[in-house]
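# Secondary and tertiary structure notes
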Amino acid sequence: MAYETIIVDVENHVAQITLNRPDALNALNDELMKELADALSAAQDNEKVRCIIITGSEKAFAAGADIAMMKDKSFVEAFSGDLFTPETEQIMRIRKPIIAAVSGYALGGGCELAMMCDFIICSETAKFGQPEINLGVVAGIGGTQRLTRIVGKSKAMDMNLTGRFMDAEEAERSGLASRVVPCKKLLEEAQSAAQKIAEKSMISVMVVKEAVNRAYEVPLREGLLFERRMFHALFATEDQSEGMSAFLEKREAQFRDK
Ligand code: HXC
């Protein structure tokens, strides 16, 4: 399918989705969010795809929801339209791993989109922020909730109340980003992480994603039980037998997602 606001490349089992509204620093509008959700669902359905990367430009991953699009909305329009909710729910239903490769600005909805991904690799120039407070509103798709769970109350309050930006070093230190790399190496690093994931058994990969995400939803005892039962369940797979045999036979495992 041809998209207007994103570019999709599928190569070596990885779908790379590049946000592409350069004139607006990849600000998220209805069209972009619909296309992104559609491309992610297509990647989910494509058997060749084993990992997904979402990225932007060198200057901006995404500078937030499109302010021009939102400016004249009434309460009723905002409430009834429920901006981006169907798309974010569609994104959250993707079972394959999604890496956010962030360079430059990841602000407002851009930071929130990055946090919806499974982990964030960023470049040294990355700047994360929830500056909605400067617009007389607040975060709307996770900036007060996901950010708090990721970096804790103090930093989440600081970012949401002052609207200040967090640089790459602070983002890594706070657990928001998993790795920081030089700008020129960002996609190489994200691709290499995606390739590593693509080599694993897809069943274990999807279980990891479900189990880690469950840590945000349920009490520890329930999360541990879910993990343990999934661990037990994986003994029903051929990939468990192959993985353990390969280790003992000192060879590379050949996983078949079975
Ligand atoms: C619409 C945007 C935009 C945005 C940038 N642009 N961010 N357009 N919505 N969020 C446009 C600018 O208007 C400008 O267009 C062009 O992109 C380049 O931006 P500049 O501001 O000229 O660039 P620069 O001076 O380098 O500043 C970069 C910036 C700044 C610091 C990122 O653009 C900025 O503060 N942007 C807004 C960030 C923000 O408040 N995000 C939160 C949005 S609310 P022209 O046509 O003039 O060249 C949100 C809510 C989410 O995200 C919840 C949804 C449910």
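Residues numbered from 1 in each chain as written. Predicted model: local features only at pLDDT ≥ 70, side-chain atom pairs only at ≥ 80, totals over all residues. Heavy atoms only, no water.

### Focus: the site of the ligand
- The environment of the ligand is formed by 23 residues, the closest being K59, A63, A65, I67 and G109.
- Within the backbone of A65, one N or O atom sits 2.7 Å away from an oxygen atom of the ligand.
- Within the backbone of G109, a nitrogen or oxygen atom sits 2.8 Å from an oxygen atom of the ligand.
- For the ligand, the protein covers 62% of the area, taking 1000 Å² as the surface of the free molecule.
- Put simply, the parts of the chain that give the shell around the ligand at least two residues each are α2 (67-70), β6 (105-107) and α5 (109-116).
- Grouping the constituent residues of the shell around the ligand by class yields 14 nonpolar, four polar and five charged. (Near = heavy atom within 4 Å. Polar contact = N/O pair within 3.5 Å; in protein donor to acceptor, adjacent residues only side chain to side chain. Areas by Shrake-Rupley, 256 points an atom, 1.4 Å probe, with all protein chains shown as cover. Helix = DSSP H or I, 4+ residues; strand = E, 2+ residues; numbered from the N terminus. Nonpolar A, V, L, I, M, F, W, Y, C, P; charged D, E, K, R; others polar.)

### Examining the sheet that holds strand β10 (residues 179-181)
- Across the sheet, six strands lie side by side as β1-β2-β3-β5-β7-β10; this open sheet has mixed pairing. This sheet does not close on itself; its edge strands, each paired only once, are β1 (6-11) and β10. The sheet shows a mean angle of 20 degrees between the axes of neighbouring strands, taken without regard to direction.
- In the sheet, strand β3 (residues 51-55) pairs with strand β5 (residues 98-102) via four bridges, with the strands oriented parallel. Each bridged residue has a counterpart across the sheet, and for T55 the counterpart in β5 is A101. (Pairing = 2+ DSSP bridges. Axes fitted to C-alpha atoms, helices over the stretch in contact; angles between N-to-C directions.)

### Here's the deal with a nonpolar patch on the surface
- A surface patch of nonpolar side chains, about 270 Å² in accessible area, is lined by I67, L135 and V137.
- One can find I67 in helix α2. (Patch = residues over 30% accessible without salt bridge, like charges linked within 9 Å, V, L, I, M, F, W, Y side chains within 5 Å. Salt bridge = Lys/Arg side-chain N within 4 Å of Asp/Glu carboxyl O.)

### Some words on the pairing of β1
- Taken together, the six bridges between β1 and strand β2 (residues 14-19) define a ladder with antiparallel strand orientation. Directly across from D9, in β2, lies its bridge partner Q16.
- Two successive antiparallel strands, β1 and β2, enclose a turn made up of two residues, where N12 displays a positive phi of approximately 45 degrees.

### A closer look at the packing of helix α1 (residues 30-45) against helix α4 (residues 85-92)
- It is the contact of α1 with α4, at a shortest axis distance of 9 Å, that shows an interaxial angle of 20 degrees. Classified by the angle between their axes, α1 and α4 sit roughly parallel to one another. Here α1 and α4 pass one another in a crossing that is left-handed. Where α1 abuts α4, its residues M33, K34, L36, A37, D38, L40 and S41 lie against E87, T88, Q90 and I91.
- Looking at the contact of α1 with α4 residue by residue, the classes come out as five nonpolar, three polar and three charged. (Parallel < 35°, antiparallel > 145°, perpendicular 65-115°, else oblique. Left-handed = near helix turned anticlockwise from the far one by under 90°. Contact = heavy atoms within 4.5 Å.)

### Notes on the packing of aromatic side chains
- All chains considered together, the criterion is met by three aromatic pairs.
- Judged by centre distance (5.4 Å) and plane angle (25 degrees), the rings of F75 and F79 are stacked. Taken together, the positions of F75 and F79, both in helix α3 (residues 75-81) and four residues apart, correspond to about one turn of that helix.
- Of the residues examined, F75 reaches a relative accessible area of 63% and is grouped as exposed.
- Arranged with centres 6.1 Å apart and planes meeting at 70 degrees, the rings of Y105 and F165 form a pair that is edge-to-face. Here Y105 is found in strand β6, whereas its partner F165 is found in strand β9 (residues 165-167), with 60 residues between them in sequence.
- Taking relative accessible area as the criterion, F165 reaches 36% and is therefore assigned partly exposed.
- Taking the ring centre of F226 as reference, the NZ or CZ of R214 above it sits at 3.8 Å. (Phe/Tyr/Trp six-rings, centres within 6.5 Å; stacked < 30°, edge-to-face > 60°. Buried < 20%, exposed > 50% of the residue type's maximum accessible area, 1.4 Å probe, protein only. Lys NZ or Arg CZ within 6 Å of the ring centre and 35° of its normal.)

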